[in-house]
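# Commentary on secondary and tertiary structure
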Amino acid sequence: MAQIYGGKLLATGSKSCVIHPNIRCKNNKYKKRNKKTISKIVFGDTANEYSEREKGINDKIRRIPNYKKWALIYDEICKPPSFDESIKIDKGINDCLKEENYELHSGIEKKKKELFDKNSIMLIGDYGGITLGDYFKKEFGGASSIKVIEKKFIILMKKIEHLFEGLADLNKYNISHLDIKQNNIVYHKGVFKFIDFGLSNDISNKEHFLKRSDNEFKTQRIYVWYPIEYIYFNADKKQLEYEKQKIDVLGIDEYRNHMSLYNGINNFYGRNTHNDVTTIINDYLKLDKTKFLNTEYVDLIKAVDTYSFGMLIPFMFFTEGLIEYIESSKLLLDFFYLFRDMCEPYYKNRISITDAYNRFKILLNKHSKKTKTKKTKKKSKKK
């Protein structure tokens, strides 16, 4: 995600940018510029459809009791000011329309204005803070003492507890976030909260989830936040056979981008990625997908967010080079066994988010008590 003056440019391919502080609406009817508020401006032919859907999901989340404990959502939708007016408000907006992203090859400035003025819509909502990814790098980057890591880890677990509650609530209300990763979680009022529900939808909307998995399958990468079974589900037999050939020729680490990272995390858990991937492909080659869509597909979708959330902490430990510390810490191992069960490759064997939340609370209570006991003993010795 590239940083721009006055806000952030979202490199998600959704033709959108987030500006902080927010920009007032074109008709000035809604919120004026406020440091506690952000604007998400969406461009292109599908801007209205995309924004209305996201606003609709946000409205459904607003009806969930206590949602503010774990989510930051957009509560207004409107037309942004003209391109010229918006540039005066925040020069960073000029960087939201990149030539390489929007195919503005000639008459760039003119086309920017046309795209902005004719095909743009704006969402306004509360501003969070530092992302979970940035927080983790700041707190854990360069850490070399297991005691320091354990102390920081328990603090982090306390700050993410409401995220478990939020996922359990979303699941209860049959909504999938579908884009859980470290940059879509922000620190707000002492705890972490989910943001960016742009890919979220009702779990019953099978077409939406099939389209998303199809789009991800057609990339050159493996998206570590999705289980393989979800990414491959909508592929046809010819595509699946080609995947098997690529694995045979290039190897499991090289046949798609980011596979070495995905494989490294699964190796830590003692999983054989090659066997898991090829087994899923072979199962899908024999599967009656029409029947599966009418019976079990919803169960598969319900388990995607659990997988994504279970990948979060292992992913950050792996990318920061902290995996080696886990096996020497009973505290870390206890939590990582939970994360292991959350990112189980097969949805039928994956723990439910409700059970995961219950286990998490038990672990947090257990290890928080140990930390308090150690502190009490130290104080007693001093006396």
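## Structural notes on the pattern of salt bridges
Going through the model one piece at a time under the given rule, you end up with 19 salt bridges. Here Lys 40 ties to Asp 196 by a salt bridge, and the two come within 3.4 Å at their closest N and O atoms. Residue Lys 40 is located in strand β4 (residues 37-43), and its partner Asp 196 is located in the loop between β9 (191-194) and β10 (201-202); the two are separated by 156 residues in the primary sequence. The exposure class assigned to Lys 40 is buried, which follows from its relative accessible area of 1%. Residue Asp 196 is classed as buried on the basis of its relative accessible area, which comes to 14%. Of the charged contacts in the structure, one is a salt bridge between Lys 69 and Glu 165, with a shortest N-O distance of 3.0 Å. Taken together, the positions of Lys 69 in the loop between α1 (47-62) and β5 (74-78) and Glu 165 in helix α6 (residues 146-172) put the pair 96 residues apart, joining distant regions of the chain. Residue classification places Glu 165 among the buried positions, given a relative accessible area of 13%. Within this structure, Lys 40, Glu 54 and Asp 196 form a network of salt bridges that share partners.

## Quick word on the state of the cysteines
Within this structure, the stated rule accounts for one disulfide. Disulfide partner of Cys 25: Cys 78, at an S-S distance of 2.0 Å. What sets the handedness of the Cys 25 and Cys 78 disulfide is the S-S torsion sign, and at about -80° it is left-handed. Of the two residues, Cys 25 is situated in the loop between β3 (16-19) and β4 and Cys 78 in strand β5; the sequence distance between them amounts to 53 residues.

## Points about the side chain of His 208
Relative to the elements of secondary structure, His 208 occurs in helix α7 (residues 206-217). Within polar-contact distance, the side chain of His 208 engages the backbone oxygen of Leu 199 at 2.8 Å.

## Remarks on the packing of aromatic side chains
Using the criterion set out here, one finds 26 aromatic pairs in the structure. Look at Phe 140 and Phe 317: their rings are 6.1 Å apart centre to centre, the planes differ by 50°, and that puts the pair in the tilted class. With Phe 140 in helix α5 (residues 132-140) and Phe 317 in helix α14 (residues 304-319), the pair connects residues that are 177 residues apart, well separated along the chain. Taking the relative accessible area as the measure of exposure, Phe 317 reaches 0% and is therefore buried. Pairing Phe 194 with Phe 309 gives two aromatic rings, centres 6.1 Å apart and planes at 65°, and the pair type is edge-to-face. Note that Phe 194 is positioned in strand β9 and Phe 309 in helix α14, a separation of 115 residues in sequence. Among the residues examined, Phe 194 registers a relative accessible area of 0% and is labelled buried. A relative accessible area of 4% places Phe 309 in the buried class.

## Topic: the environment of Lys 32
Within the fold, Lys 32 resides in the loop between β3 and β4. For Lys 32, a relative accessible area of 68% gives the class exposed. Taking C-alpha positions, Lys 32 is 9.5 Å from Pro 21, a pair spaced eleven residues apart along the chain. Setting aside anything within four residues of it in sequence, one finds Lys 32 in contact with Asn 22 and Arg 24.

Cut-offs applied
Residues numbered from 1 in each chain as written. Predicted model: local features only at pLDDT ≥ 70, side-chain atom pairs only at ≥ 80, totals over all residues. Heavy atoms only, no water. Salt bridge = Lys/Arg side-chain N within 4 Å of Asp/Glu carboxyl O. Helix = DSSP H or I, 4+ residues; strand = E, 2+ residues; numbered from the N terminus. Buried < 20%, exposed > 50% of the residue type's maximum accessible area, 1.4 Å probe, protein only. Disulfide = S-S within 2.5 Å. Polar contact = N/O pair within 3.5 Å; in protein donor to acceptor, adjacent residues only side chain to side chain. Phe/Tyr/Trp six-rings, centres within 6.5 Å; stacked < 30°, edge-to-face > 60°. Contact = heavy atoms within 4.5 Å.

By themselves, these are just geometric observations and shouldn't be taken as functional.
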